[in-house]
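Descriptive structure summary
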Amino acid sequence: MKDILNDLDQWIKAGQSIAIATVIQTWGSAPRGAGSKMGVAAQGAIIGSVSGGCVEGAVVEASLEVMRTGIPQLLHFGVADETAWQVGLACGGTIDVFVNPLAMDLYSAVSAAIQQEKSVLTLTIIRGKREQLGRTIVWMEDGSILGTLGDGLDEAAPGVARMAYEAGKPMVKTLPSVQTSGEVDIFVDVILPSPVLVIVGGVHISIALADIARVMGFRTIVVDPRRSFGSQTRFPNVDRLIQAWPDQALSDVGLNRSSAVAVLTHDPKLDDPALIVALRSPAFYVGALGSTKTHARRRQRLLEAGLTEIQLNRLHAPIGLDIQATTPEEIALSIMAEIIAAWRGADQIGGPEQRN
């Protein structure tokens with residue numbers, strides 16, 4: 001949703017009728033994952049993407065029909081390998097796409113949450129009786145709910161929302177519809193705050209890392225109490241620059257499940273306090289610069305400082321994927337690659353052995 005938010009707002013201001021197509025599930029090699037969205041306006045204009053090729057042409061046609069009739073549609077696309085690329089699917093991929101008219105009142109709540117960098121989930125009935133299709137509720141991170149699914153389904157909705165929120169990814173759940181003596185499929189779309197990279201230490205690697213992170217869609221924060229290192233001149237494009245001791249700065253930032261922390265000062269007086277806070281937080285990634293020998297000494301210090309083995313096992317050190325990086329820019333690239341792997345759930349602990 002985030003990638004089409006601005007365009008949607010412009011369409012709404014212009015008074016356009018809008019349908020939203022959402023990838024619900026994928027099998028095999030599909031180019032867009034669950035939760036990917038495409039907006040279609042009444043005159044056929046599109047924003048975003050659910051696949052590509054002929055699939056999107058078919059989705060546009062279905063969207064126009066949905067806007068005419070007001071009846072949502074669940075579309076299924078599956079092709080053989082030899083024809084996959086012709087319809088925008090790679091290697092025989094299969095996708096389900098749900099098309100629903102945009103509900104303006106609920107969209108306003110979702111848009112506001114996204115702009116405030118808050119987590120928000122939508123739960124939509126995608127399979128069930130015709131009159132149930134498209135019913136949607138919005139679940140906010142404080143547990144409040146807007147809208148209704150009806151037919152006795154609202155009672156189970158918070159538990160389903162919490163499950164998807166904890167998993168951090170969209171999912172389809174089947175629920176019993178008590179009042180209609182049947183079952184419905186609910187698509188739970190999970191929209192989390194933009195990932196944040198907190199870089200501790202305004203060293204040369206950090207300059208390149210902050211630039212790469214911004215390109216990757218991360219908000220960037222640089223922490224360094226040393227004014228000559230943590231200066232606006234060195235970091236003109238970061239979202240936030242904090243000239244404070246790392247432990248206090250990280251506590252003030254408020255690390256969450258969308259936070260990554262890269263500790264790069266190579267000075268225990270700064271690194272260790274930062275790591276103690278970061279490894280006790282829900283941050284999805286924590287990494288520290290240094291060789292294997294440096295990390296062994298660091299590990300002992302952190303154990304003595306009260307961290308547990310389980311907490312220390314979360315630490316990526318030496319930081320970065322092993323691409324034989326030597327220059328600051330290459331090391332920054334290896335770090336960002338490891339962070340992306342952790343963000344996408346494919347992380348691997350360890351990396352290149354940087355020199356002391």
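Residues numbered from 1 in each chain as written. Predicted model: local features only at pLDDT ≥ 70, side-chain atom pairs only at ≥ 80, totals over all residues. Heavy atoms only, no water.

Looking only at helices and strands, the protein chain features ten helices and 16 strands. Counting the 356 residues in the protein chain, one finds 50% classified as buried. Considering only contacts in the protein chain between residues 6 or more positions apart, those separated by 24 or more positions represent 59%. Only carbon and sulfur atoms are counted for the fraction: they give 51% of the accessible area of the protein chain, which is about 16,100 Å². (Helix = DSSP H or I, 4+ residues; strand = E, 2+ residues; numbered from the N terminus. Buried < 20%, exposed > 50% of the residue type's maximum accessible area, 1.4 Å probe, protein only. Contact = heavy atoms within 4.5 Å. Areas by Shrake-Rupley, 256 points an atom, 1.4 Å probe, with all protein chains shown as cover.)

Two quantities define a packed helix pair, namely the angle between the helix axes and the distance between the axes. At a minimum axis separation of 12 Å, helix 1 (residues 5-13) and helix 3 (residues 104-115) run at an interaxial angle of 140°. It follows that helix 1 is oblique to helix 3 by the angle criterion. Taken as a pair, helix 1 and helix 3 cross one another with a handedness that is left-handed. Across the interface between the two elements, L5, L8, D9 and I12 from helix 1 touch M104, Y107, S111, I114 and Q115 from helix 3. Here the contact of helix 1 with helix 3 is built from residues that sort into six nonpolar, two polar and one charged. (Axes fitted to C-alpha atoms, helices over the stretch in contact; angles between N-to-C directions. Parallel < 35°, antiparallel > 145°, perpendicular 65-115°, else oblique. Left-handed = near helix turned anticlockwise from the far one by under 90°. Nonpolar A, V, L, I, M, F, W, Y, C, P; charged D, E, K, R; others polar.)

With that settled, consider the packing of helix 6 (residues 246-253) against helix 7 (residues 268-279). Running from N to C, helix 6 and helix 7 cross one another at 25°; their axes reach a closest spacing of 7 Å. What the angle tells us is that helix 6 and helix 7 run roughly parallel. Between helix 6 and helix 7 lies a crossing whose hand is right-handed. Residues P246, D247, L250 and S251 of helix 6 form the contact with helix 7, whose own contacting residues are L270, P273, A274, V277 and A278.

Now for the packing of aromatic side chains. All told, the structure shown has three aromatic pairs when counted by the stated rule. A ring pair is formed by F284 and W343, whose centres lie 4.9 Å apart and whose planes are at 50°; its orientation type is tilted. A residue pair is termed long-range when its members are at least 10 positions apart, and F284 in the loop between helix 7 and strand 15 (285-288) and W343 in helix 10 (residues 328-343) qualify at 59 residues. For W343, a relative accessible area of 23% translates into the label partly exposed. Directly above the ring of F229 sits R226, whose terminal nitrogen or CZ lies 4.1 Å from the centroid. (Phe/Tyr/Trp six-rings, centres within 6.5 Å; stacked < 30°, edge-to-face > 60°. Lys NZ or Arg CZ within 6 Å of the ring centre and 35° of its normal.)

Those residues of helix 5 (residues 204-215) lying buried are I205, S206, A208, L209, A210 and A213. The secondary structure elements touched by the buried residues of helix 5 are strand 11 (196-200), strand 12 (219-223), strand 14 (259-263) and helix 10. In the stretch just after helix 5, G217 is the one whose phi turns positive, near 90°.

This brings us to the side chain of H316. As for its position among the elements, H316 is in strand 16 (residues 315-316). Separated by 3.4 Å, the side chain of H316 and the backbone oxygen of R314 make a polar contact. (Polar contact = N/O pair within 3.5 Å; in protein donor to acceptor, adjacent residues only side chain to side chain.)

Burial analysis of strand 5 (residues 94-101) places seven of its eight residues in the buried class, which makes it a mostly covered element. As paired strands, strand 1 (residues 18-27) and strand 5 are joined by eight bridges and run antiparallel to one another. Across the sheet, residue V23 finds its bridge partner in strand 5, namely V97. Alignment of strand 4 (residues 73-78) against strand 5, held across six bridges, turns out to be antiparallel. Each bridged residue has a counterpart across the sheet, and for Q73 the counterpart in strand 5 is V99. (Pairing = 2+ DSSP bridges.)

These figures come from the coordinates and say nothing about function on their own.
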